[in-house]
Amino acid sequence: MTALSATGLVKTFGPTRALDGLDLVVATGDVHGFLGPNGAGKTTTIRVLLGLLKADAGEVSLLGGDPWKDAVTLHRRLAYVPGDVNLWPKLSGGETIDLFGRLRGDLDPKRRDELVERFELDPTKRARTYSKGNRQKVALIAALASSAELLILDEPTSGLDPLMEEVFQECIREVRAEGRTVLLSSHILAEVEALCDRVSIIRNGTTVASGTLDSMRELTRTSVHAETERPPVGLDRLEGVHGLRVDRDQVRFDVDTVHLAPAIRCLSEAGIRMLVSTPPTLEELFLRHYGDAVDASDDA
Amino acid sequence: MTSLTGTLHLARMAVRRDRVRLLLWVAAIVAVVLLNAVSTVDLYPTQHSLDLAAAAARGNPAALAFNGPDVALDTVGGQVALQVGAIGLTFVGLMSLLLVVRLTRAEEDSGRLELVRSMPVGRHASLAAALVVVGATDAVVGLLTTLCLLSQDLPVGGSVVMGASFVVVGLLFAGLAATTAQVTENPRVASGLAGGVLAASFLVRAIGDAGSGAASWASPIGLAQKSRPFGGDAVWPLLLCLAFAALLTAAAAVLSARRDFGAGLVAPQPGPAHGSARLATPLALAFRLQRGAVLWWTISLVAMAVAWGSLANSIDEFTKDNQSLEDMFKRLGGAGITDGYLATTLLFAALVAAGAALQIVIRVRTEETGRRGDPVLATPTSRARWAGGHLVTALAGSGLGLIAAGLALGITYGAVIGDPSQVGRLVGAALVYLPSVWLFAALAVALIGLAPGWTNGAWAVWGGCVALGLFGTLIDVPKAVRDLSPFEVVPTLPAESMRWLPVAGVGLVAVVLAVAGFEGLRRRDMS
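Quantities reported herein were computed from a predicted structural model and do not represent experimental measurements.

Description of the overall build of chain A
When helices and strands are tallied, chain A shows 11 helices and 13 strands. Expressed along its principal axes, the backbone C-alpha trace of chain A runs to roughly 70 × 45 × 35 Å. The burial tally for chain A puts 49% of its 300 residues in the buried class. Considering only contacts in chain A between residues 6 or more positions apart, those separated by 24 or more positions represent 67%. Roughly 13300 Å² of accessible area belongs to chain A as shown, and the carbon and sulfur atoms make up 50% of that amount. Charge-centre separation for chain A: the mean point of 36 positive side chains lies 4 Å from the mean point of 46 negative side chains.

Okay, here's the thing in structure tokens:
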């Protein structure tokens with residue numbers, strides 16, 4: 001079951017090609033991470049999914065419908081948190097949350113009050129006086145208080161402090177436990193690692209990688225630091241070993257994760273006294289996919 | 001002084017950013033002065049006609065209340081000062097206070113100033129830059145005013161004093177706005193406070209000028225007019241204004257040093273923790289966001305209509321010995337002078353109501369560009385319902401303003417001449433303009449839907465219609481051209497009899513524009 005799918009999305013604004021054949025598939029019940037550097041096309045994709053923009057080419061299906069044609073009916077089943085939350089300065093936070101609940105038609109006062117409590121929001125303040133983080137809380141509470149089956153969150157925590165980030169992660173886990181689907185665009189890799197079942201990484205309007213975090217890790221290198229009784233023999237001839245440095249009993253190298261086993265076997269033959277193996281972090285995944293972004297933009 | 005570091009950079013940036021806005025303000029005020037000076041010179045070709053006009057004005061407290069004090073009314077200069085003095089000073093004050101708030105508190109409220117202040121820029125630099133820019137704009141307005149007056153061969157002394165009075169009143173209200181901008185953290189409240197003082201200044205001098213003139217001393221506008229351009233040319237009242245301007249500016253500087261960045265001196269009041277159950281539809285939201293605007297437009301229209309209505313009965317006398325003025329109202333109307341005058345005031349009320357309709361509908365576009373539209377459209381709300389909420393608010397708000405103006409005109413005029421039937425007659429006459437007023441709401445919808453980048457072009461069209469309404473008959477614009485304006489093509493009641501065809505035609509154009517706009521909005525990308 002897919003909650004949403006986009007294939008070959010193209011969207012141009014004048015001379016800029018914001019989306020250039022982007023693919024995105026989110027399975028029902030998943031928390032799906034949507035990663036990319038600034039200007040990669042995350043917000044444009046989300047605005048196409050919301051029916052605010054019409055794609056120039058490509059297929060989009062959201063909750064079984066066409067987000068452009070069936071916007072109003074589909075929006076009964078989703079909730080959205082924009083990346084840049086702009087509120088009406090005169091309305092209080094509480095009024096704004098309730099307005100969105102009533103526009104959606106599923107205001108649940110109990111759930112709303114509980115969320116206001118958990119996010120420690122003062123709902124009596126006018127939106128004019130809220131900080132960025134507090135404006136974000138207003139939008140988050142409005143979305144989380146809904147019973148929508150799909151949540152589309154565009155960098156929802158970029159203004160939250162670490163304590164509130166923790167509350168947010170709890171809430172998303174609850175949403176997932178209820179079998180609801182979340183599309184989470186984010187810059188915060190720890191958050192994506194903590195929450196997401198699958199991720200899609202995009203760059204320059206195209207998808208460069210998509211899959212479970214585990215499957216992506218296999219494509220990258222694990223770094224190994226060992227202390228051995230004797231210098232290891234033949235490590236430098238093994239496939240997938242990079243940057244080998246042997247300094248007396250200290251051995252350091254990176255190895256393609258699929259070739260990890262033979263390398264460890266070779267080390268153990270040399271008598272392992274200490275072994276630290278560091279799996280690739282999302283940061284490394286990220287850098288691997290964006291590392292050549294500078295070169296690419298030079299070519300363009 | 002390090003607290004002023006960066007002032008000139010900020011001033012240059014402000015001029016660069018607001019160059020069109022500054023230009024339009026200056027051009028509008030100077031154009032009013034020039035056109036009035038030219039037409040006044042034409043209206044009174046002989047000393048005899050001036051003497052008659054002076055006598056008529058002196059005998060008419062309502063005219064003095066509206067236009068200004070009795071100074072040298074038997075000279076062309078004095079008549080020009082009567083026509084453009086109080087109004088011109090009010091507009092210079094309005095321009096100055098709006099610009100100062102825009103460049104200070106509005107910048108601070110938007111968060112842009114925070115970035116600027118993190119750079120090597122002094123604490124008072126943004127305030128100083130705003131006052132430099134606005135002060136320079138006031139100086140340009142004053143200089144051009146003097147040149148316009150000189151171009152009509154008016155006396156040098158009076159022309160200079162009049163120009164200078166524009167400058168000092170501008171500076172005074174700039175200083176006042178700089179102070180109110182420190183008091184509240186909300187830019188609209190800051191402009192509202194200073195604007196309230198401006199309105200009170202106009203009112204106090206109106207009371208003064210209609211009577212002995214004593215009360216006018218208490219009003220900044222009245223005080224500036226005590227310089228008596230073309231009738232004594234006193235400089236010291238202007239110096240007094242200048243001293244007040246300096247005092248207010250100093251107060252603003254002191255207050256701004258005593259408060260935190262982003263804060264006001266008065267803490268904002270908390271709002272309700274829960275939304276009202278009625279705030280549940282796009283229409284309710286639009287009304288909630290715009291009810292203040294609707295209220296202010298309606299109050300302004302009623303105030304204008306009351307002033308016009310109380311003058312109506314003395315118009316006959318005012319124009320009795322002045323063939324040109326009589327011709328003017330006759331050309332507008334065609335029937336009696338009074339009915340011609342009433343029809344003209346209703347035309348102005350309709351133009352103001354159209355401005356209200358435009359402002360309210362254009363909120364759709366600012367909601368979109370301010371990215372407040374997206375979260376609403378992400379709920380089960382269609383674009384038509386979202387924009388429709390603002391359109392309905394605009395139609396209701398501008399209709400309310402127009403009817404209230406007709407009602408106020410009818411009640412005041414009816415009370416003056418003791419004829420209650422005027423109420424129904426003038427409300428009916430006002431309603432003839434309803435399709436024309438709504439046409440502007442529809443025009444804005446059409447632009448928002450089909451050419452969103454050109455939305456503010458609707459204001460240019462409105463400005464054209466205002467110019468035709470004010471000067472179209474004075475400078476002999478051909479009837480065929482005037483009929484392009486939806487306000488000129490419809491019959492001007494009560495001076496003319498009703499003709500349904502043009503009214504229905506205007507209504508039909510409005511419907512077509514609105515439908516086209518909604519269709520465009522449905523098809524296009526949201527920006």
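Describing the sheet that holds strand β5 (residues 78–81) of chain A
Residues and elements named next belong to chain A. The sheet built from six strands is open, its strands ordered β5-β6-β7-β3-β8-β9 with mixed pairing. Both outer strands of the open sheet, β5 and β9 (206–212), are each paired with one neighbouring strand and no more. On average, each strand axis in the sheet is inclined to that of its neighbour by 15°, with strand direction left out of account. Pairing between strand β3 (residues 31–35) and strand β8 (residues 198–203): four bridges, direction parallel. Within β8, the residue paired with G33 across the bridge is V199. Packed onto the sheet, helix α1 (residues 42–49) meets β3, β5, β6 (150–154), β7 (181–186) and β8 and runs at close to 150° relative to β6.

Here we look at helix α10 (residues 187–210) of chain B
Residues and elements named next belong to chain B. Compared with the 34 Å implied by 1.5 Å per residue over 24 residues, the 35 Å span of α10 between its first and last C-alpha is a close match. Among the residues of α10, P187, A190, S191, A194, L198, S201, F202, R205, A206, G208 and D209 are the ones counted as buried. At its buried positions, α10 is contacted by α4 (61–67), α5 (76–103), α6 (105–110), α9 (156–183) and α11 (220–225). Where α10 begins, the side chain of N186 points an oxygen toward the backbone nitrogen of R188, at a separation of 3.0 Å.

Quick look at the packing of helix α3 (residues 93–104) of chain A against helix α5 (residues 132–144) of chain A
Residues and elements named next belong to chain A. Contact pair α3 / α5: the axes reach a minimum separation of 9 Å and the direction vectors enclose 35°. In this structure, α3 crosses over α5, and the sense of that crossing is right-handed. Residues G93, T96, I97 and F100 of α3 form the contact with α5, whose own contacting residues are V138, I141 and A142. When grouped by side-chain class, the residues that make up the contact of α3 with α5 number five nonpolar, two polar and no charged.

Regarding the environment of R230(A)
Residue and element names in this part refer to chain A. Mapped onto the elements of the fold, R230 is located in the loop between β10 (221–228) and β11 (241–247). A residue is classified by how much of its surface remains accessible, and R230, at 43% relative accessible area, is partly exposed. For the pair formed by R230 and E269, sequence separation is 39 residues and the distance between their alpha carbons is 8.9 Å. Setting aside chain neighbours within four positions, we find R230 in contact with E269, A270 and G271. Reaching out from R230, the side chain makes a polar contact with the backbone oxygen of E269 at a distance of 2.5 Å.

A short note on the environment of R221(A)
Assignment of secondary structure puts R221(A) in strand β10. Setting aside residues no more than four positions away along its own chain, R221(A) makes contact with H242(A), D254(A), V255(A), D256(A), T257(A) and P280(A).

Describing the interface of chain B and chain A
In many reports, interface size means the accessible area that the parts give up when they come together. Residue-level contacts link 42 residues of chain B with 35 residues of chain A. For the chain B face of the interface with chain A, the top three residues by lost area are A378(B), P380(B) and D525(B), together amounting to 17%. Along the contact surface separating chain B from chain A lie four salt bridges. Where R288(B) meets E95(A), a salt bridge forms, and the shortest distance between an N and an O atom there is 2.5 Å. On the surface where chain B and chain A come into contact, there are 22 residue pairs in polar contact (both at pLDDT 80 or more). Where the side of chain B that touches chain A is concerned, the elements lending two or more residues are α13 (282–312), α16 (337–369), α17 (373–377) and α23 (500–523) of chain B. Its residues placed into classes, the side of chain B that touches chain A shows 17 nonpolar, 12 polar and 13 charged.

Some words on the pairing of β3(A)
Among the five residues in β3(A), five count as buried, and that is most of the element. Burial along β3(A) is two-sided: V31(A), G33(A) and L35(A) and H32(A) and F34(A), pointing in opposite directions, are all buried.

With respect to the nonpolar core
With 143 residues, the main nonpolar core has F119(A), I152(A) and F487(B) as its most contacted residues. For this core, the element with the highest residue contribution is α16(B), accounting for 17 residues. Those residues in contact with F487(B) that lie beyond four places of it in its chain are L347(B), A350(B), L351(B), A354(B), Y433(B), S436(B), V437(B), F440(B) and C465(B). One finds I29(B), L131(B), V133(B) and V168(B) within the second-largest nonpolar core, a separate group that totals 60 residues.

Cut-offs used in this document
Throughout, a residue's number is its position along its own chain's written sequence, starting from 1. Labels follow written order: the first chain is A, the first ligand is 1, and so on. Residue-level local features of this predicted model are given only where pLDDT is at least 70; pairs of side-chain atoms are given and counted only at 80 or more, and the full residue set underlies all totals for whole chains, interfaces and linings. Think of the side-chain values as coming from all heavy atoms in the structure, minus any hydrogens and water. Only DSSP runs of H or I reaching four residues or more are called helices, and only runs of E reaching two or more are called strands; each is numbered from the N terminus. A simple rule labels every residue: compare its accessible area, found with a 1.4 Å probe on the protein chains alone, to the largest value its type can have, and call it buried under 20%, exposed over 50%, or partly exposed in between. Two residues form a contact once any of their heavy atoms are found within 4.5 Å. Areas reported as accessible are Shrake-Rupley estimates using a 1.4 Å probe. Residue values count occlusion only from the protein chains shown. Residues scored as charged are limited to Lys and Arg (positive) and Asp and Glu (negative), so that His and the chain ends carry no count. Here the site of a charge means NZ on Lys, CZ on Arg, CG on Asp, or CD on Glu. By definition, two strands form a pair when at least two bridges between them are found by DSSP. Each axis is a line fitted through C-alpha atoms, and for a helix only the stretch in contact is used; angles between axes span 0 to 180 degrees, taken between their N-to-C directions. Residue count minus one, scaled by 1.5 Å, sets the expected span of a helix. As used in this structure description, the phrase polar contact means that two N or O atoms lie within 3.5 Å; if the pair is within protein, one of them must be able to donate a hydrogen and the other to accept it, and residues adjacent in sequence are counted only when both atoms belong to side chains. Put simply, a crossing is left-handed when the front helix is turned counterclockwise from the back one by less than a right angle, and right-handed when it is turned clockwise. Note on residue categories: nonpolar means Ala, Val, Leu, Ile, Met, Phe, Trp, Tyr, Cys or Pro, charged means Asp, Glu, Lys or Arg, and polar means any other residue, Gly included. Here the quantity called buried area is the total loss of accessible area, with a 1.4 Å probe, experienced by two parts when brought into contact, counted for both. The salt bridge criterion pairs a side-chain nitrogen of Lys or Arg with a carboxyl oxygen of Asp or Glu, the two atoms within 4 Å. Among buried residues, those of type Ala, Val, Leu, Ile, Met, Phe, Trp, Tyr and Cys that are joined through side-chain atoms within 4.5 Å constitute a nonpolar core.

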